[in-house]
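# A look at the structure
Each chain, written out:
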Amino acid sequence: PDRVAEHHSSSTYSEAEQEIFKAGFEHYKNVVAPYKAEHPDMFTTEAIAERAAKLATYKAAHPDRFESSDATNHHHHYSEAELVVFKAGMAHAEEVAAYKATHPEEFTPEAVAAYKAAHPDRVAEHHSSSTYSEAEQEIFKAGFEHYK
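The sections below set out a description of the structure shown in this document.

The rules we used
Residues numbered from 1 in each chain as written. Predicted model: local features only at pLDDT ≥ 70, side-chain atom pairs only at ≥ 80, totals over all residues. Heavy atoms only, no water. Helix = DSSP H or I, 4+ residues; strand = E, 2+ residues; numbered from the N terminus. Buried < 20%, exposed > 50% of the residue type's maximum accessible area, 1.4 Å probe, protein only. Contact = heavy atoms within 4.5 Å. Areas by Shrake-Rupley, 256 points an atom, 1.4 Å probe, with all protein chains shown as cover. Salt bridge = Lys/Arg side-chain N within 4 Å of Asp/Glu carboxyl O. Expected span 1.5 Å × (residues − 1). Arc of directions from axis to C-beta. Phe/Tyr/Trp six-rings, centres within 6.5 Å; stacked < 30°, edge-to-face > 60°. Lys NZ or Arg CZ within 6 Å of the ring centre and 35° of its normal. Patch = residues over 30% accessible without salt bridge, like charges linked within 9 Å, V, L, I, M, F, W, Y side chains within 5 Å.

## As for the overall build of the protein chain
Helices and strands together make up the secondary structure of the protein chain, namely 7 helices and 0 strands. Secondary structure elements of the protein chain, listed N to C terminal, follow the sequence α-α-α-α-α-α-α. By residue count, 18% of the 148 residues in the protein chain fall in the buried class. Restricting to contacts in the protein chain with at least 6 residues of sequence separation, those with at least 24 account for 63%. For the protein chain, the computed accessible surface area is about 11,000 Å², with 58% contributed by carbon and sulfur atoms.

Okay, structure coming up:
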């Protein structure tokens, strides 16, 4: 019991940061972990290394797109907590893009419509069960769109 109480009471995170941290945990538990369980081949050491190599090549070809967040020409001035949410959106977009690249047949208009019809609870849940506030959802979406 002391560890549980300590976890909540001695945190160096503010209440808002704790909520964002919890939202990240919930997102991992409800979205990322099930995705990893369904697609273990995408998370092998080799697959991760291949994606890292592709990203390194892309970054080398486009260094201007990877400037530090404190650059004077940076478009947004997110707080550290908001950057966590923004980065979570980008990470989710990367996962989606990787999955789409390996399973294009699942993303035809017909396949998407069939999935939505077969799983209305998942489609609704993805949007309604978020532990992010509306403002955080907008930041998450911005991160997702930024990746695309």
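Now, onward.
## With respect to the side chain of His27
Note that His27 resides in helix α2 (residues 15–38). Residue class for His27 comes out buried when judged on its relative accessible area of 15%.

## Describing the pattern of salt bridges
One pass over the full model with this rule turns up 4 salt bridges. Across the salt bridge formed by Glu19 and Lys22, the nearest N and O atoms sit 3.6 Å from each other. A residue pair is termed a helical-turn pair when its members lie 3 or 4 positions apart in one helix, as Glu19 and Lys22 do in helix α2 at 3 residues. Of the residues examined, Lys22 reaches a relative accessible area of 37% and is grouped as partly exposed. With its nearest N and O atoms 3.8 Å apart, the salt bridge here joins Glu138 to Lys141. A residue pair is termed a helical-turn pair when its members lie 3 or 4 positions apart in one helix, as Glu138 and Lys141 do in helix α7 (residues 134–147) at 3 residues. Exposure remark for Lys141: the relative accessible area of 42% places this residue in the partly exposed category.

## Some words on α7
Along an α-helix, residues three or four positions apart point the same way, because every turn accommodates 3.6 residues. Over its 14 residues, α7 extends 20 Å from the first C-alpha to the last, a length consistent with the 20 Å expected when each residue adds 1.5 Å. Every buried residue of α7 is accounted for by Glu136, Ile139, Phe140, Gly143 and Phe144. The buried residues of α7 occupy an angular sector of 140° when the element is viewed end-on, so they sit on one face. Next to the buried residues of α7 lie α2 and α4 (80–102).

## Concerning the packing of aromatic side chains
On inspection of all chains with the given rule, the structure shows 5 aromatic pairs. Between the aromatic rings of Tyr35 and Phe43, the centroid separation amounts to 6.0 Å while the plane-to-plane angle is 90°, which identifies the pairing as edge-to-face. Geometrically, the ring pair formed by Tyr35 and Tyr99 is edge-to-face, given 5.3 Å between the ring centres and 70° between the ring planes. One end of the pair, Tyr35, is in helix α2; the other, Tyr99, is in helix α4, and 64 residues separate them in sequence. Owing to a relative accessible area of 14%, Tyr35 belongs among the buried residues under this scheme. The class for Tyr99 is buried, based on a relative accessible area of 10%. Here the aromatic residues Tyr35, Phe43, Tyr99 and Phe107 are joined through ring pairs into a cluster of three or more. For the cation-ring pair, Arg51 lies above Phe43, with the distance from its terminal atom to the ring centre recorded as 5.7 Å.

## Focus on a nonpolar patch on the surface
On the surface, Leu55, Tyr58 and Phe66 cluster together into a nonpolar patch covering about 250 Å² of accessible area. Position of Leu55 relative to the elements: it lies in helix α3 (residues 45–61). Among the residues examined, Leu55 registers a relative accessible area of 35% and is labelled partly exposed.

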